There are 2 protein chains.
Amino acid sequence: MIRERPTLEAVARRAGVSRATVSRVVNGSTSVAASIREAVNRAVEELGYVPNQAARSLVTQRTESIALILPETANRVFSDDLFFPAIIRGVGGELEAADKQLVLMMAGSAKSHDRVERYAVAGHVDGVMFASMHGADPLPGTLVRLGIPVVCSGRPIGAAAVPYVDVDHFGGVCGAVRHLVTAGRRRIATIAGPQDMVAGIDRLAGYRATLEEAGLAQHVRIGDFTRESGMVAMRKLLDDDPALDAVFVASDMMAHGALTALKDAGRRVPGDVAVIGFDDFEISRYSEPPLTTVRQPIVEMGRTMARQLLGLINDEPHQPDAVVLPTELVIRETA
Amino acid sequence: MIRERPTLEAVARRAGVSRATVSRVVNGSTSVAASIREAVNRAVEELGYVPNQAARSLVTQRTESIALILPETANRVFSDDLFFPAIIRGVGGELEAADKQLVLMMAGSAKSHDRVERYAVAGHVDGVMFASMHGADPLPGTLVRLGIPVVCSGRPIGAAAVPYVDVDHFGGVCGAVRHLVTAGRRRIATIAGPQDMVAGIDRLAGYRATLEEAGLAQHVRIGDFTRESGMVAMRKLLDDDPALDAVFVASDMMAHGALTALKDAGRRVPGDVAVIGFDDFEISRYSEPPLTTVRQPIVEMGRTMARQLLGLINDEPHQPDAVVLPTELVIRETA
DNA sequence: GGCTCTCGCTTAACCGGTTAATCATAGGGG
DNA sequence: CCCCTATGATTAACCGGTTAAGCGAGAGCC
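Residues numbered from 1 in each chain as written. Chains lettered and ligands numbered in written order. Predicted model: local features only at pLDDT ≥ 70, side-chain atom pairs only at ≥ 80, totals over all residues. Heavy atoms only, no water.

Draft legend 1. Representation of the relation of the copies chain B and chain A. In the superposition of chain B on chain A (RMSD 0.1 Å, axial shift 0.1 Å), the rotation amounts to 180°. The transformation relating the two chain copies, once decomposed into turn and shift, fits a two-fold axis. Here 98% of the contact residues of chain B are again contact residues in chain A; the copies associate through an equivalent surface. (Least-squares fit on C-alpha atoms with pLDDT ≥ 70 in both. Contact = heavy atoms within 4.5 Å.)

Draft legend 2. Spotlight on unusual backbone geometry. A cis amide bond links Val269(B) to the next residue, Pro270(B), at an omega of 5°. Among the structural elements, Pro270(B) can be located in the loop between α11 (252–264) and β9 (274–279). With phi around 65°, Gln61(A) is a residue other than glycine that occupies positive phi space. Mapped onto the elements of the fold, Gln61(A) is located in the loop between α4 (53–60) and β1 (65–70). You can call Gln61(A) exposed: its relative accessible area is 61%. (Helix = DSSP H or I, 4+ residues; strand = E, 2+ residues; numbered from the N terminus. Buried < 20%, exposed > 50% of the residue type's maximum accessible area, 1.4 Å probe, protein only.)

Draft legend 3. Here's a closer look at the sheet that holds strand β8 (residues 246–249) of chain A. Residue and element names in this part refer to chain A. Here six strands make up an open sheet; going across it, the order is β7-β6-β8-β9-β10-β12 and the pairing mixed. Strands at the two margins of the open sheet, each flanked by one partner only, are β7 (219–222) and β12 (328–330). Strand-to-strand twist across the sheet, computed as the mean angle between neighbouring axes with direction ignored, equals 20°. Direction of pairing for strand β6 (residues 188–192) relative to β8: parallel, over a ladder of four bridges. In the sheet register, Ile188 faces β8, and the bridge partner there is Ala246. On top of the sheet, helix α9 (residues 198–214) reaches β6, β7, β8 and β9 (274–279); it is set at about 165° to β6, its chief contact. (Pairing = 2+ DSSP bridges. Axes fitted to C-alpha atoms, helices over the stretch in contact; angles between N-to-C directions.)

Draft legend 4. Seen up close, the interface of chain B and chain A. Taken together, the contacts link 51 residues of chain B with 50 residues of chain A. Surface buried jointly by chain B and chain A totals about 4,600 Å² across both partners, of which 58% is contributed by carbon and sulfur atoms. Three residues, Arg89(B), Glu96(B) and Gln101(B), lead the burial of chain B against chain A; their summed loss comes to 14% of the area buried on that side. Where chain B meets chain A, there are two salt bridges. Here Glu96(A) makes a salt bridge to Arg115(B), at a shortest N to O gap of 3.6 Å. Here chain B and chain A share four residue pairs in polar contact (both at pLDDT 80 or more) between them. Of all the secondary structure elements, the ones that give two or more residues to the side of chain B that touches chain A are α4 (53–60), α5 (83–97), β2 (101–106), α6 (110–121), α7 (139–145) and α10 (227–240) of chain B. Across the side of chain B that touches chain A, the residue classes break down as 25 nonpolar, 12 polar and 14 charged. One ladder, built from three bridges, connects strand β2 (residues 101–106) of chain A with β2(B); its direction is antiparallel. (Buried area = accessible area lost by both parts, 1.4 Å probe. Salt bridge = Lys/Arg side-chain N within 4 Å of Asp/Glu carboxyl O. Polar contact = N/O pair within 3.5 Å; in protein donor to acceptor, adjacent residues only side chain to side chain. Nonpolar A, V, L, I, M, F, W, Y, C, P; charged D, E, K, R; others polar.)

Draft legend 5. The arrangement of the side chain of Thr21(A) in detail. Residue and element names in this part refer to chain A. Position of Thr21 among the secondary structure elements: in helix α2 (residues 19–26). Taking relative accessible area as the criterion, Thr21 reaches 17% and is therefore assigned buried. For Thr21, the residues in contact, after removing those within four places along its chain, are Val32 and Ile36.

Draft legend 6. The pattern of salt bridges, seen in detail. All names here are of chain A. By the definition in use, this model includes 34 salt bridges over all chains. Residue Arg19 is joined to Glu9 by a salt bridge in which the shortest nitrogen-to-oxygen separation is 3.4 Å. With Arg19 in helix α2 and Glu9 in helix α1 (residues 8–15), this pair connects stretches of sequence that are 10 residues apart. Residue classification places Glu9 among the partly exposed positions, given a relative accessible area of 34%. Between Glu282 and Arg285 there is a salt bridge; the shortest N-O distance is 3.8 Å. What emerges from the salt-bridge pattern is a single network uniting Glu94, Glu300, Arg303 and Arg307.

Draft legend 7. Seen up close, the domain arrangement of chain A. Residues and elements named next belong to chain A. Domain boundaries assigned for chain A yield domain 1 (8–51), domain 2 (65–167 + 299–325) and domain 3 (169–295). For domain 2 versus domain 3, the separation of C-alpha centres amounts to 29 Å. Each partner contributes residues to the interface: domain 2 has 12 residues there, and domain 3 has 10 residues. Interface area for domain 2 against domain 3, summed over the two sides, is near 1,000 Å², with a carbon-plus-sulfur share of 58%. Put simply, domain 2 and domain 3 have one salt bridge between them. Arg155 is the salt-bridge partner of Asp202, the closest N and O atoms lying 2.5 Å from each other. The interface formed by domain 2 and domain 3 includes three residue pairs in polar contact (both at pLDDT 80 or more). Within the side of domain 2 that touches domain 3, the residues separate by chemical class into five nonpolar, three polar and four charged. (Domains from an automatic or database assignment.)

Draft legend 8. Quick peek at the nonpolar core. Ranked by size, the top nonpolar core spans 64 residues in total, and within it Leu68(A), Leu104(A), Leu68(B) and Leu104(B) carry the most contacts. What Leu68(B) contacts, discounting residues up to four positions off in sequence, is Ile87(B), Ile88(B), Leu102(B), Val103(B), Leu104(B), Met105(B), Met129(B) and Ala131(B). Ranked by size, the runner-up nonpolar core spans 41 residues in total, among them Val103(A), Val121(A), Val162(B) and Tyr164(B). (Core = buried A, V, L, I, M, F, W, Y, C linked by side-chain atoms within 4.5 Å.)

Draft legend 9. The layout of surface pockets, seen in detail. In this model, the second largest pocket occupies a volume close to 1,200 Å³. Taken together, 43 residues form the lining of the second largest pocket, with Arg5(A), Gln61(B), Val121(B), Ala122(B) and Gly123(B) sitting closest to its centre. Among the secondary structure elements, those contributing two or more residues to the lining of the second largest pocket are α2 and α4 of chain A together with α4, α6 and α12 (298–313) of chain B. (1 Å grid on protein atoms, 1.4 Å probe; cavity = no way out; pocket = protein on both sides within 12 Å on 5 of 7 lines; lining within 4 Å. Points joined across faces, edges and corners; volume = space filled by probe spheres on them.)

Draft legend 10. Here's a closer look at the sheet that holds strand β4 (residues 150–153) of chain A. Taken in spatial order, the 12 strands of this open sheet run β11(A)-β5(A)-β4(A)-β3(A)-β1(A)-β2(A)-β2(B)-β1(B)-β3(B)-β4(B)-β5(B)-β11(B), and their pairing is mixed. The strands lining the two open edges of the sheet, one partner per strand, are β11 (322–325) of chain A together with β11 (322–325) of chain B. Within this sheet the neighbouring strands show an average axis-to-axis angle of 20°, counted without direction. Summarising the sheet, strand β5 (residues 164–167) of chain A and β11(A) pair through four bridges and their orientation is parallel. Counterpart to Val167(A) in the pairing with β11(A) is Leu325(A).

Draft legend 11. Looking closely at the protein's contact with DNA strand D. Around DNA strand D, 29 residues are found, and the nearest of them are Ser18(A), Thr21(A), Leu8(B), Arg19(B) and Ser23(B). When the atoms of DNA strand D within 4 Å of the protein are grouped by moiety, sugar and phosphate amount to 60% of the total. Leu8(B) places a main-chain nitrogen or oxygen 2.6 Å from a phosphate oxygen of DNA strand D. Measuring from a base nitrogen of DNA strand D, one finds a backbone N or O atom of Ala55(B) at 3.3 Å. Top element by residues in the surface near DNA strand D is α4(B). It accounts for five residues. Its residues placed into classes, the surface near DNA strand D shows 15 nonpolar, nine polar and five charged. (Near = heavy atom within 4 Å.)

Draft legend 12. Quick look at the protein's contact with DNA strand C. Around DNA strand C there are 27 residues in total, and Leu8(A), Arg19(A), Ser23(A), Tyr49(A) and Thr21(B) lie nearest to it. Within 4 Å of the protein, the atoms of DNA strand C are drawn from sugar and phosphate moieties in a proportion of 60%. Side-chain polar atom of Ser23(A) to a phosphate oxygen of DNA strand C: 2.3 Å apart, as the coordinates give it. With respect to DNA strand C, the side chain of Thr21(B) contributes an N or O atom lying 2.6 Å from a phosphate oxygen. Elements that contribute at least two residues to the surface near DNA strand C include exactly α2 and α4 of chain A together with α2 (19–26) and α4 of chain B. Here the residues of the surface near DNA strand C sort into 14 nonpolar, eight polar and five charged.

The following block contains the structure:
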């Protein structure tokens, strides 16, 4: 059943040349006579030869594969979230085009965190990408110090100088909140994201800056980006200030939770309370009412990360340390 | 910057033993004296030795990694879909526990399809898992014939005898439709899934069988599992039979589309029309009204696939050719 | 005491490629 | 005609592990 896989040696014998020559042909070296190249290719074809990556990696020190680290345990990732799938989609497309393999790793527990480090350090991959992580994770910095190409999605917290790709959280939020102010809203609250993530911190900063600029009072509640936490936070905000007339919510998921809470509390949206989210997930086009939100180009982030990493790996010059992609206010019906 | 990675040789020198002995200690062989084992472990520790997987694979013919093939181009996967993320979650968790790596591959285009085959055949992975594919894809069968361990999610169409994990589509749908019948519904339509996928075919079969059994007329429209297609199909069904009083929708996404279409058409749910979906995605708990649906344990499917594949790889005996997981009717408010 | 057996380590072959160094051959110049 | 060079192939070393076979020493047995 298991057909013995032909080796370079076999191809060489069949083509009547040496291993080295076959290797050269397979790797597209130019200095091989056309007739020989022809013969080798025929032999490759006939035997169905495919090079053994392990053997190749052993000598080239390259694996042609790249890790994407998701900073949650496998059980939590993807539960309610549309962020990681989109990142994967962007990364995957770009790597496929470059003929690299995508190795997915979850790094939630301390144990798996360790595993990831060992894996990367062991040279199983040519480079590592981190998807938006929590807190000041030392791992990216560690890997960089070891000379492993790394790119993060989301500006890393902490001192480590790690290349990253992020979106303009601050600018996007400012635009959104200003939109509320311009529309005459005066009691504008926010449901912020976790304050151990840049996405949470920067979006809250944008809210604060804009309200300060407008001379309005701030009402803040913190969520964890889940729908459930959005509901809870919205209820608390309504307790805090029953007369609030707008809320900027730092993620679409939480915004959906907020919408539910508002409906339960008998508020009309946007009549009584305007709502703006952040993300622009697909589902937000279908919420009731359709959600006004700040679009961040997640797939594009994935693509950009991959491109940057590939650049680093091939050490192309002029690799920017950071790329910040623009966000865009998408106006639908909630504000 | 790039610290030279220590090799077995280096560890052996430091510990004052031979390469072979170090190898044995590293791989946990028992027949090594405690004192030597001690010394070797110390050397490993001090040097920060991590074995080189390429070298190891070369001789063991094992890569400790496993491919998950997603049968869409990277651009389409994950767009609106919550199925693949859940599969990944299940698979990822199980593989992590087994210390295997997950290699993600998209196989949409013919070109990438080829790439996947070459990759698997080249022995880059110890086994391959296919996530629900379209039509009668020959690839799984091909790989099986080459002796590569394969497991599919979703019973494969066609003759190939490939181990698979699936859910009880038919039974689940029968239960759901029977629920509608029992509730007194008499004009029960369905929005079926694509008829080139088992999930689409079997669910339609369940609908047909149950209605036949109940002696009721069948109204069928086909969608492609997207929300949009659900909306369109629902409108068509209402054209077909404005008086229909229930609809079984073969996926939650399409059900959400159908809900929108029903609302637009002025139908109350479940008053005028009862709706039952299939999947039980997270979002279905939050639709308006919350969706009654057939739950399929997607994460568990992923886990089971991974377990089966690991069993095959370690050629444990008694590997079932097929595992069919149960589905469960989750009654909320739409029926 | 000598023989055999066992235990535990070392030696060395091998996995399947890449590539630097080497060598054969044909062509060109003097 | 001979020597030199360019071209293009081959030889062989190496990547970093695993593991079968070999071997030395201590224990058990008669």
